Amino acid sequence: MTDVYDPPASTPAVSFESGGHRLLGVLHLPAGPGPHPIVVLLHGFPGNERNFDLAQELRRAGYASLVFHYRGSWGVGGSWSWRHLLEDAARVVESVRLDPRLDPGRLGLVGHSMGGFTALMTAAADPAVRAVASVAAFDLSVGAAACLADPAVREGYLRDWEGELLPLQGTSAAALVAEMEAGGQEWSLAALAPRLADRPVLLIGTGRDPITPAPTHHHPLVRAYEAHPVPRLEHHLFPTDHALSDHRPTLARTVVDFLDRTLRS
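Residues numbered from 1 in each chain as written. Predicted model: local features only at pLDDT ≥ 70, side-chain atom pairs only at ≥ 80, totals over all residues. Heavy atoms only, no water.

## Points about the environment of Gly 72
Move 1: Among the secondary structure elements, Gly 72 is positioned in the loop between strand E4 (64-68) and helix H2 (82-96).
Move 2: Looking at Gly 72, the relative accessible area reads 1%, which means it is buried.
Move 3: Between the C-alpha atoms of Gly 72 and Gln 169, which are 97 residues apart in sequence, the distance is 5.0 Å.
Move 4: Setting aside its immediate chain neighbours within four residues, Gly 72 contacts Gly 77, Gly 78, Ser 79, Trp 80, Pro 167, Leu 168 and Gln 169. (Helix = DSSP H or I, 4+ residues; strand = E, 2+ residues; numbered from the N terminus. Buried < 20%, exposed > 50% of the residue type's maximum accessible area, 1.4 Å probe, protein only. Contact = heavy atoms within 4.5 Å.)

Here's what the structure looks like:
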């Protein structure tokens, strides 16, 4: 009789090709033969918080979970840009569907901050994504509108983003702000409601967060998805900072519960 722990849990390094560069990642596989439901975790800008605690909690709950780096970040070749985030996420999602250890019919995305933006954009563009969770998402269209309306806000982004570039290459604060402004409404998260109306969506906002303040980045998105509507929308506002520093167990429980009700059904 086959042991229920055969094969055992493992944590292999993995890589993906995107835009002519090799993206590096870590796959957290649960014990058992699989194929396992798969959750791709998308980190933000620049990726100081990579959500490895979520990856481990997801594995304990029976999910394979993947954490990877985009182009131009943390030693990966190429240049960092907002469009590259979207291209890289789409390429990784396409690639994990081909892995025989993973179940392509039970694929979810979970993203934090700019990763939350990327998760929603990627899910909206790919109907094969079964469920998507966005945590403290940064809406680039909101940032673009604020920069174009107020030069002082623009200067604030330039100043703040300049201090985050050390783990990144091939970009600058000026280039990132200009790209955000050029993207404009093309990158509106609220406008994705029609394309997400057939999927479960989890939105988590952060109430003590100057980076993605809830009145600017969370509440308008909830209202837009409720108005369309997105019937399987779930949303929460936690009284915590941008990294959810004092809410990590609550975050993990909320995400796992959401996925249990969506990917396992």
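## Here's the deal with the layout of surface pockets
Move 1: Its volume calculated, the largest pocket comes out at about 560 Å³.
Move 2: In this structure, the largest pocket is lined by 26 residues; those nearest its centre are Phe 45, Ser 113, Trp 161, Ile 211 and His 242.
Move 3: Residue assignment for the lining of the largest pocket shows that the elements contributing at least two residues are helix H4 (140-149), helix H5 (151-162) and helix H8 (214-227).
Move 4: The element that contributes the greatest number of residues to the lining of the largest pocket is H5, accounting for five residues.
Move 5: Here the residues of the lining of the largest pocket are counted per class, giving 13 nonpolar, 10 polar and three charged. (1 Å grid on protein atoms, 1.4 Å probe; cavity = no way out; pocket = protein on both sides within 12 Å on 5 of 7 lines; lining within 4 Å. Points joined across faces, edges and corners; volume = space filled by probe spheres on them. Nonpolar A, V, L, I, M, F, W, Y, C, P; charged D, E, K, R; others polar.)

## Overview of the sheet that holds strand E3 (residues 36-42)
Move 1: If you trace the eight strands from one edge of the open sheet to the other, you get E1-E2-E4-E3-E5-E6-E7-E8, paired in mixed fashion. Edge positions in the sheet fall to strand E1 (13-18) and strand E8 (233-238), since each of these pairs with one other strand and no more. For this sheet the average axis-to-axis angle between neighbouring strands, irrespective of direction, equals 20 degrees.
Move 2: Across five bridges, the pairing between strand E5 (residues 102-112) and strand E6 (residues 131-135) is parallel. Among the inter-strand pairings, Leu 109 is bridged to a residue of E6, identified as Val 132.
Move 3: Packed onto the sheet, H8 meets strand E7 (201-206) and E8 and runs at close to 160 degrees relative to E8. (Pairing = 2+ DSSP bridges. Axes fitted to C-alpha atoms, helices over the stretch in contact; angles between N-to-C directions.)

## Quick notes on unusual backbone geometry
Move 1: Going from Phe 45 to Pro 46, the amide bond is cis rather than trans, its omega being -5 degrees.
Move 2: Relative to the elements of secondary structure, Pro 46 occurs in the loop between E3 and helix H1 (52-60).
Move 3: With a phi angle near 65 degrees, Asn 51 is a residue other than glycine that sits in the positive phi range.
Move 4: Mapping Asn 51 onto the fold places it in the loop between E3 and H1.
Move 5: A positive phi angle, near 55 degrees, is found at Trp 74, a position not held by glycine.
Move 6: Among the structural elements, Trp 74 can be located in the loop between E4 and H2.

## Regarding H2
Move 1: A rise of 1.5 Å per residue sets the reference length of H2, with its 15 residues, at 21 Å; its end C-alpha atoms lie 22 Å apart and thus fit the reference within 8%.
Move 2: Those residues of H2 lying buried are Trp 82, His 84, Leu 85, Leu 86, Asp 88, Ala 89, Val 92, Val 93, Ser 95 and Val 96. (Expected span 1.5 Å × (residues − 1).)

## Let's talk about the environment of Pro 37
Move 1: Looking at where Pro 37 falls in the secondary structure, it is placed in strand E3.
Move 2: On a C-alpha basis, the gap between Pro 37 and Leu 259 in space is 9.8 Å, while along the polypeptide they are 222 residues apart.
Move 3: Ignoring anything within four residues of it in the chain, the contact list for Pro 37 reads Gly 62, Tyr 63, Ala 64, Asp 103, Arg 106 and Arg 264.

## Details of the pattern of salt bridges
Move 1: Scanning all chains against the criterion turns up 16 salt bridges.
Move 2: Its salt-bridge partner being Arg 208, residue Asp 246 comes within 3.0 Å of it at the nearest N-O pair. With Asp 246 in the loop between E8 and helix H9 (248-262) and Arg 208 in the loop between E7 and H8, the pair connects residues that are 38 residues apart, well separated along the chain.
Move 3: In this structure Arg 208 comes out as partly exposed when scored by relative accessible area, which is 46%. (Salt bridge = Lys/Arg side-chain N within 4 Å of Asp/Glu carboxyl O.)

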